[in-house]
Amino acid sequence: MGSIGSVTQDKTLTDSPAYRTHPYKAFEVTVADHVAEVTLIGPSKGNAQGPDFWAESAPLFEAIDADPDVRAVVLSGSGKHFSFGLDLPAMMGDFGKVLAPDAKAGPRTEFHHTIKRMQRAIDAVADCRKPVVAAISGWCIGGAVDLISAADIRVASADAKFSVREVKVAIVADMGSLARLPLIIGEGHTRELALTGKDIDAARAEKIGLVSDVYDDKDAALAAARGIAAEIAANAPLVVQGVKDVLDHSRSARVDDSLRYVAAWNAAFLPSDDLTEAVTAVFEKRPPNFRGQ
């Protein structure tokens, strides 16, 4: 009997999906009680989205989607902040060729593929059949707003701050904010945030509908997100997936069309003196001086 029990235990361990023990660099993953907890862990400061994030996100959420034991997901950031967004210095290897003065069809086509690949990292969160509940604390900037806009439900702690900041670094946001935010907070609020790049606090985010509720601190926000995920996980899983599928149906074509358009737009028009100035200003830690060139 002892040997039979041992074989059964080993088989259980062997059958556990590989993603649960994969050595991710940008994420930490745990699964318990039908809920997967995905935590942003960097490796860049403030959980900024560098090459590891863009490479690991899609395979991770696709694996969660395929895991029959998972019924809901909690997404949060380690440390004080959810995420500082795109790690621009770390991503310059992907931007360099298209910023060259003689960049023509070849590097622009390659950059278009890069944008599409990066978009997939966020799309995988939105496309995951298991509802995603994001718990946001501290800063949530740029690409991090793209990420939470792909979640189904968002809650925040009182110290959370949000910014669609791409315009301040001479980039048209192309990872999903411009496609998804109008469906969450409306056209007017989206335009204000995207055109100014301004920061808003948690109270303002709740008022415009970016987050459902605001809690006193990070622990309370995370506990609330876990509670929502547990409520979801207690329901019939295939029905939950059906509800999400029906809710997504009417907007999926609009989002897909917007993402395709902005990928082509940025491949054609992103290279500019202003973007070079923005990157230089980041490295030199000073405000950029844009000239519209």
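The rules we used
- Residues numbered from 1 in each chain as written.
- Predicted model: local features only at pLDDT ≥ 70, side-chain atom pairs only at ≥ 80, totals over all residues.
- Heavy atoms only, no water.
- Pairing = 2+ DSSP bridges.
- Helix = DSSP H or I, 4+ residues; strand = E, 2+ residues; numbered from the N terminus.
- Axes fitted to C-alpha atoms, helices over the stretch in contact; angles between N-to-C directions.
- Buried < 20%, exposed > 50% of the residue type's maximum accessible area, 1.4 Å probe, protein only.
- Lys, Arg positive; Asp, Glu negative; His and termini not counted.
- Salt bridge = Lys/Arg side-chain N within 4 Å of Asp/Glu carboxyl O.
- Polar contact = N/O pair within 3.5 Å; in protein donor to acceptor, adjacent residues only side chain to side chain.
- Contact = heavy atoms within 4.5 Å.
- Right-handed = clockwise from strand over helix to strand, strands pointing away.
- Phe/Tyr/Trp six-rings, centres within 6.5 Å; stacked < 30°, edge-to-face > 60°.
- Lys NZ or Arg CZ within 6 Å of the ring centre and 35° of its normal.
- Parallel < 35°, antiparallel > 145°, perpendicular 65-115°, else oblique.
- Left-handed = near helix turned anticlockwise from the far one by under 90°.
- Nonpolar A, V, L, I, M, F, W, Y, C, P; charged D, E, K, R; others polar.

Student: Is there a simple way to think about the sheet that holds strand E4 (residues 132-136) in this case?
Tutor: Backbone-to-backbone hydrogen bonds join strands into a sheet, with any given pair of strands oriented parallel or antiparallel. Spatially, E1-E2-E3-E4-E6-E9 is the arrangement adopted by the six strands of the open sheet, whose pairing is mixed. Two strands lie at the open edges of the sheet, namely strand E1 (27-32) and strand E9 (213-215), each paired on one side alone. Within the sheet, the average angular offset between the axes of one strand and its neighbour, ignoring direction, is 20°. As defined by bridge partners, E4 adjoins strand E6 (residues 153-157) across four bridges and the pair is classed as parallel. Bridge pairing in E6 links Val133 to Ile153.

Student: Looking at this model, I keep getting lost on the side chain of Glu56. Mind explaining?
Tutor: For Glu56, the position within the fold is in helix H2 (residues 51-66). Despite its burial, Glu56 pairs with no opposite charge; the closest candidate is Lys25, at 6.4 Å N-O. A polar contact is formed between the side chain of Glu56 and the backbone nitrogen of Ala26, at a distance of 2.9 Å. Not counting the four nearest positions on each side in its chain, Glu56 is found in contact with Tyr24, Lys25, Ala26 and Phe27.

Student: I'm lost on the sheet that holds strand E8 (residues 199-201) in this one. Help?
Tutor: Spatial ordering of the open sheet is given by E5-E7-E8, a layout of three strands whose pairing is mixed. Either end of the sheet is taken by a strand with one partner, and the two such strands are strand E5 (139-141) and E8. Each neighbouring strand pair of the sheet contributes to a mean axis angle of 20°, computed without reference to strand direction. Relative to strand E7 (residues 161-163), E5 is paired through three bridges, and the arrangement is parallel. Across the sheet, the residue bridging to Ile141 is Ser163, located in E7.

Student: Just checking my understanding: could you explain the pairing of strand E2 (residues 35-40) for this structure?
Tutor: Along a regular strand, successive side chains alternate from one face of the sheet to the other. By the criterion of burial, E2 is predominantly enclosed, with six of the six residues buried. The side-chain alternation of E2 yields two buried faces, one formed by Val35, Glu37 and Thr39 and the other by Ala36, Val38 and Leu40. The sheet contact formed by E1 and E2 spans six bridges and is antiparallel. By the bridge assignment for E2, Val29 is matched with Val38. Between E1 and E2, which pair antiparallel in sequence order, lie two residues; one of them, Asp33, sits at a positive phi of approximately 55°. Direction of pairing for E2 relative to strand E3 (residues 72-77): parallel, over a ladder of six bridges. Within E3, the position partnered with Ala36 by the bridge is Val73. Note that the unit made of E2, H2 and E3 has a crossover that is right-handed.

Student: Where do I start with the pattern of salt bridges in this structure?
Tutor: Once their charged atoms are close, side chains differing in charge can pair, the charge on each being opposite to the other. Taken as a whole, this structure holds 17 salt bridges when the rule is applied. For Arg120, the salt bridge is made with Asp127, and the minimal N-O distance between the two is 2.9 Å. The shortest N-O distance in the salt bridge between Glu187 and Arg191 comes to 3.4 Å. Of this pair, Glu187 and Arg191 both sit in helix H7 (residues 187-196), four residues apart, which is roughly one turn of the helix. Judged by its relative accessible area of 52%, Arg191 falls in the exposed class. One continuous salt-bridge network, built from bridges that share partners, spans Arg20, Asp67 and Asp69.

Student: Is there a simple way to think about the packing of aromatic side chains in this case?
Tutor: The relative placement of two aromatic rings is captured by the distance of their centres and the angle of their planes. According to the stated counting rule, one finds three aromatic pairs in the structure shown. Ring geometry for Phe27 and Phe53: centres 5.5 Å apart, planes at 35°, overall tilted. On the criterion of sequence distance, the pair formed by Phe27 in strand E1 and Phe53 in helix H2 is long-range, its members being 26 residues apart. Ring geometry for Phe53 versus Trp54: centroids 4.8 Å apart, planes at 90°, classification edge-to-face. A relative accessible area of 3% means that Trp54 is categorised as buried. Sitting over the ring of Trp139, Arg165 keeps its end group 5.2 Å from the ring centre.

Student: Quick question: what am I supposed to make of the packing of H2 against helix H4 (residues 105-127) here?
Tutor: Relative placement of two packed helices is described by the angle separating their axes and the distance separating the axes. Two elements in contact, H2 and H4, have axes separated by 8 Å at closest approach and are oriented at 30°. In terms of orientation, H2 and H4 fall into the roughly parallel class. The hand of the H2/H4 crossing is left-handed. Within the contact between the two elements, H2 uses Phe53, Trp54, Ser57, Ala58, Phe61, Glu62 and Asp65 and H4 uses Arg117, Met118, Arg120, Ala121, Ile122, Ala124, Val125 and Asp127. Grouping the constituent residues of the contact of H2 with H4 by class yields nine nonpolar, one polar and five charged.

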